[in-house]
Structures are given as C-alpha cells and as structure tokens.
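What follows is the residue order along each chain.
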Amino acid sequence: MPEISYRSADGRIEVVDVPEGLSVMRGAVSRGIKGIVAECGGAGMCGTCHVYVPEDGSIELPPVHELEDEVLDCTAVPRRDNSRLSCQLEVTRALCGLEVQLPDRQV
Ligand code: FES
C-alpha cells in the first residue's frame, strides 16, 4: 500500500498506508488526522481538504481540473501554486511517498 505522509501546520508528521483507489483525503480521515475536515465528503465542493503538495516534481500528480481550480479559490487559507484538494488526489503506486502539508486551518 502506498505510504502517504501528512505534515501538520505544527510540523508533526503522520504516515498512513493508504489503499490504492482511495483519495489522499480518505487516507487522512480514516486515521482521524486533524487538519482535514472534508465537510462535503469528497465531492470536491467544500475546499476543507486543502493541502499543499511538493513543488519539486518528484511525484507526478494529475492536473487540477476546472472545478477543483474554482474551489481552491475559496479555501480558508489562501491557495498557493502547490495547493490541491486532497479528495481529488486518488492514491496510486505513483503517489507512494507523497508528503502533503496541511494548512493551519480549513474553515
Ligand atoms: S472534501 Fe470537500 S472539497 Fe474535498
């Protein structure tokens, strides 16, 4: 199972084995990781699963689609170039070792 790391705003890292096919958001919620709220349950509508992904290109992620792009404009903490909705990132082998940074708040 791919390992996904979640770094909280205070620097604490939790590593979760997330089954392929689940989203990065589901991996966090399944382990009760604080910092991911996911109010809409993964429908891509709420923006409360906002994360920052690595910018070094070491892990290739799918492109941001139109709705995700719109929702990222409405997150509680302003988006950055590396902002993504974790519910829109499906875990595959290609994401093995991904570390996402959680913003300091989601609402
Ligand atoms: S869980 Fe609502 S946008 Fe991701």
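Visitor: I keep staring at the overall build of the protein and nothing clicks. Help me out?
Guide: Of the regular secondary structure elements, the protein holds two helices and five strands. Listing the helices and strands of the protein from first to last along the sequence gives β-β-α-β-α-β-β. Taken along its principal axes, the extent of the C-alpha atoms in the protein is 30 × 25 × 25 Å. Split into buried and exposed, the 107 residues of the protein put 33% on the buried side. Restricting the contact set of the protein to residue pairs at least 6 apart, pairs at least 24 apart contribute 66%.

Visitor: Would you explain unusual backbone geometry in this entry?
Guide: Glycine aside, negative phi is the norm for most residues, and most peptide bonds take the trans geometry. For Ala38, which is not glycine, the phi torsion reads 60° and is therefore positive. Mapped onto the secondary structure, Ala38 falls in the loop between α1 (24–30) and β3 (50–52). For Ala38, a count of 20 C-beta atoms within 10 Å corresponds to the buried category.

Visitor: When you look at the nonpolar core in this model, what are you seeing that I'm missing?
Guide: Grouped burial of nonpolar side chains is what soluble globular proteins tend to show. Judged by nonpolar contacts, the single largest core of 20 residues is most densely connected at Ile4, Val24, Met25, Ile36, Cys49 and Val100. Secondary structure elements with two or more residues in this core: β1 (3–7) and α1. No other element matches the three residues that α1 contributes to this core. Excluding anything up to four places from it in sequence, Ile36 contacts Met25, Ala28, Val29, Cys49, Ser86 and Leu102.

Visitor: Is there a simple way to explain the pairing of β1 in this structure?
Guide: The two faces of a sheet get side chains in turn, since along a regular strand they alternate between them. Taking every second residue as pointing to the same face, the buried face of β1 carries Ile4 and Tyr6, while none of Glu3, Ser5 and Arg7 on the other face is buried. One ladder, built from five bridges, connects β1 with strand β2 (residues 13–17); its direction is antiparallel. Bridge assignment links Ile4 to a residue of β2, and that residue is Val16. Direction of pairing for β1 relative to strand β5 (residues 99–101): parallel, over a ladder of three bridges. Along β5, the bridge assignment pairs Arg7 with Gln101.

Visitor: I'm lost on the pairing of β2 in this one. Help?
Guide: For β2, a buried count of zero out of five residues is recorded, marking the element as mostly open to its surroundings. Hairpin connection between β1 and β2: a loop of five residues separates the two successive antiparallel strands, and Gly11 in this loop has a positive phi of roughly 95°.

Visitor: Can you help me understand the environment of Glu20 in this one?
Guide: As for its placement among the helices and strands, Glu20 is situated in the loop between β2 and α1. We classify Glu20 as partly exposed; it has 13 C-beta atoms within 10 Å. Separated by 50 residues in the primary sequence, Glu20 and Glu70 place their C-alpha atoms 26 Å from one another. Excluding residues that lie within four positions of it along the chain, Glu20 makes contacts with Pro2, Val91, Thr92 and Arg93.

Parameters and conventions
- Residues numbered from 1 in each chain as written.
- Predicted model: local features only at pLDDT ≥ 70, side-chain atom pairs only at ≥ 80, totals over all residues.
- Helix = DSSP H or I, 4+ residues; strand = E, 2+ residues; numbered from the N terminus.
- Buried ≥ 20, exposed ≤ 12 C-beta atoms within 10 Å, placed from the backbone.
- Contact = placed C-beta atoms within 7 Å.
- Core = buried A, V, L, I, M, F, W, Y, C linked by C-beta atoms within 7 Å.
- Pairing = 2+ DSSP bridges.

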